[in-house]
Structure formats: structure tokens, C-alpha cells
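# Working through the structure, step by step
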Amino acid sequence: MQSLTLLSAGAAIHPSKVSAQSKKAGLVNKPLVISTWDAGLLANKKAWTILQKGGRALDAVEEGVKETESSLNCCVGLGANPDRDGHVTLDACIMDEYHNCGAVAFLERIKHPISVARRVMEKTPHVFLVGEGAQQFAVSEGFSLESPELSPAAEAAYKNWLQKSNYKSPSINVENKKDHGPFAPYRLENGEWNHDTIGMLALDKSGNLSGSCTTSGAGFKMRGRVGDSPIIGAGLFVDNEVGACVATGQGEDVIRVAGASSVVGLMRGGLTPEEACKKMIERIVSIKKDKVKDIQVAFLAISHRGEVGAFSIHPGFTFAFRSEDAEELKKANSWFK
Ligand code: SD4
């Protein structure tokens, strides 16, 4: 009885049941896809193969970010930097045009967390599975359990980090070291921001929006730390009537302002995507005061009409754009110039 109640409360709404009501009848829409950072270019290419054939935005945002999850990089997928204890733990979420959503966090040894998030959305009455339970669910769904070994690049970065941070488990004070606080370095040794999540938003031919977000979070984070990326409303939010937003950067500061849903809320109130992103960045700046000099946060948003905008605290945030007419990397405006 209880599980029946849960099922009806949480099970994914199937497109065929509500399509007429949710699709924007009669509108011929130009599909487009946007995603965070430079890696978005490659991810968009994959998403575009789906969108240009008239495919669903949901499929595009899943397949698109899987490209990044499969690639070797510091911050997304199993090749990414580990936590302080040397384990790669992954966070992801996905949301469609019907407010269906699914998420996983603190997931280990699974190559495509975004696809597990989609299964959570489509095959369970729940929205969010974490840790061992999420892994168990993934395996039961046929995902293979990959090796726990770090990629060579991550292994080297971890060893380097251990040396510099002089980390002895369970250590105190490592958080307070100048270059390594609070829980992970804001910047990597080469000066780059310690993050590179991919978040993707797509608008399909039917005029429907979907979004995805996947990350290993901050490198060398505390074990068990989860950022904004898998949290619906913080790292990602989609409201088909209004628009969608994805966040990247210091997750703690995105969570505290319910970032993505706040941006979409401001768009509902009439702001353009860039104005809404800027307003939320200003809110973070006013909350964090002087500390913003050490924090990068960026929002990327799209309206249901396909207008696109972004804004970040510091310069340097790029996003990739793909439509019928253009394939490019754009620079976001920022609070610091
Ligand atoms: C997090 N927001 O875990 C993520 C990291 C990120 O670009 O976006 N990096 O806090």
C-alpha cells in the first residue's frame, strides 16, 4: 500500500500522457543547446545529433554530457580528481519538461552518473539516491562497476595535493591552510579554478526544455561532500513554461541561494536570462562580501523562447552554444571585470 502511494507520488510522468498539454502547440521551434565551459563544445556536438533530427531535449542533454563523462579530465567522470581520501565520487542530475527529475550523489565506480540519474527519474518513485544505495541501484540496472583506480593524471594530482597539504587522515587544520581552504583548494596548482562541471540545457523542436549536470565536485573535497550539481533547484532547474538554468562553480554558494531555481524564478518575473543570472550573482556577492574574491560561481540560462544568457563572479567563464546557425564558445560577462 505504502509503495503504491510512493509510486503515484513520484513516478516519472510519461511524455505520451501529457504531451499535448505541455508542448507549445503550433510553434515551430529552432532547437539549440548550451553547456558550461570549453568541454561543452564537444558535448554539444553529440547533443546536436539528436536535436537536429527532431529528437527530445531530454535525450540530447543525457547523451551530450555522457561525452564529457567518458573523456579524461580533472572534474567530470571517473578520470577526475578524487576526494581527500583518494576516491572519485560523482554527482549528477537531470530534469525534463514535465518537472520529472532524478539525481545521484556520492556515487562511486559508475561511468555514467547522468544515466543513473535518469533511471532514478524513470524507474523509481524517488528523485535522489546517494552513495552505496545509488551504486547498488545502478548495478541492478545493468551498469557495470568500474575499477576504483585513479586515472594517471588524477593519481599524479592527488599525490601532489597530499604533499602540499601535508594531509594525514584524520587531519585537522588542513582546511585552514592558506592555499587549501576551506575544504578543497579554490584553485589548482596551475592557478585554474578547481572545478569544471558540465551543465547542459537544450530546447528541442517541440519547444521543450531539459537540463543535465554532472561532476566530480571539488577536487580533494572532504569525503561525503556533495555540492550543488546534483541538487534540483540549486545546480539545475527546468520550468518548461519559463526557462532553465544550470550552475557551476563553488557549490556551497550556489546551494545557499537555491541558485538555479532562483534564476528561473527571476525569469518568470520578466528578466532576461542574463539579467536573471546577474541578479543571482549579485546576491551571492552581497552575501559573501570580501570572500567573493576567492569564489567563482557562474549561472547559464535559457528562456523557453530560446534566448540565452550567463553571468559569473569572475571573468573566465565560457559556455558553448550550438544551433542550426552557430557553433561557438561564448564568454560570459562577470561581476569582476
Ligand atoms: C560543486 N558546482 O561540486 C560543483 C563544481 C563545479 O565547475 O561546478 N565546478 O560544487
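Residues numbered from 1 in each chain as written. Predicted model: local features only at pLDDT ≥ 70, side-chain atom pairs only at ≥ 80, totals over all residues.

### What about the pairing of strand β8 (residues 243-249)?
Under the convention used in this document: Note on burial: count the other C-beta atoms lying within 10 Å of the residue's C-beta; 20 or more is buried, 12 or fewer is exposed, in between is partly exposed, and C-beta positions come from the backbone. By definition, any uninterrupted DSSP run of H or I lasting at least four residues is a helix, any uninterrupted run of E lasting at least two residues is a strand, and each is numbered from the N terminus. Any two strands with at least two DSSP bridges between them are considered paired.
Of all 7 residues that make up β8, 7 are buried, and the element is covered over most of its length. Burial along β8 is two-sided: G243, C245, A247 and G249 facing one way and A244, V246 and T248 facing the other are all buried. Two successive antiparallel strands, strand β7 (residues 236-239) and β8, enclose a turn made up of 3 residues. Examined bridge by bridge, β8 and strand β9 (residues 297-303) share 7 bridges and lie antiparallel to one another. Among the inter-strand pairings, T248 is bridged to a residue of β9, identified as A298.

### Regarding the confidence of the model for the protein chain
The following threshold applies: A residue's pLDDT is the confidence the predictor assigns to it, expressed on a 0 to 100 scale. Throughout, a residue-residue contact means that the two C-beta atoms, derived from backbone geometry, are no farther apart than 7 Å.
Overall, the prediction assigns the protein chain a mean pLDDT of 87, with 83% of residues at 70 or greater. Residue range residues 1-11 is modelled with pLDDT below 50. Its contacts to residues more than four positions away, or to other chains, number 7 contacts. For residues 13-27, every residue scores under 50 in pLDDT, and the model assigns this stretch 13 contacts once sequence neighbours within four places are set aside.

### Examining the sheet that holds strand β4 (residues 128-130)
Under the convention used in this document: In this description, a line fitted to the C-alpha atoms serves as the axis of each element, helices being fitted only across the stretch in contact, and the angle between N-to-C directions of two axes falls anywhere from 0 to 180 degrees.
Read across the sheet, 8 strands follow the order β4-β3-β2-β6-β5-β1-β11-β12 without closing on themselves; strand pairing throughout is mixed. At either end of the open sheet lies a strand with only one pairing partner, and these are β4 and β12 (327-331). Averaged over neighbouring strand pairs, the angle between their axes works out to 10° when direction is ignored. Relative to strand β6 (residues 209-215), strand β5 (residues 198-203) runs antiparallel, the two sharing 6 bridges. Counted as the bridge partner of G199 is C213 from β6.

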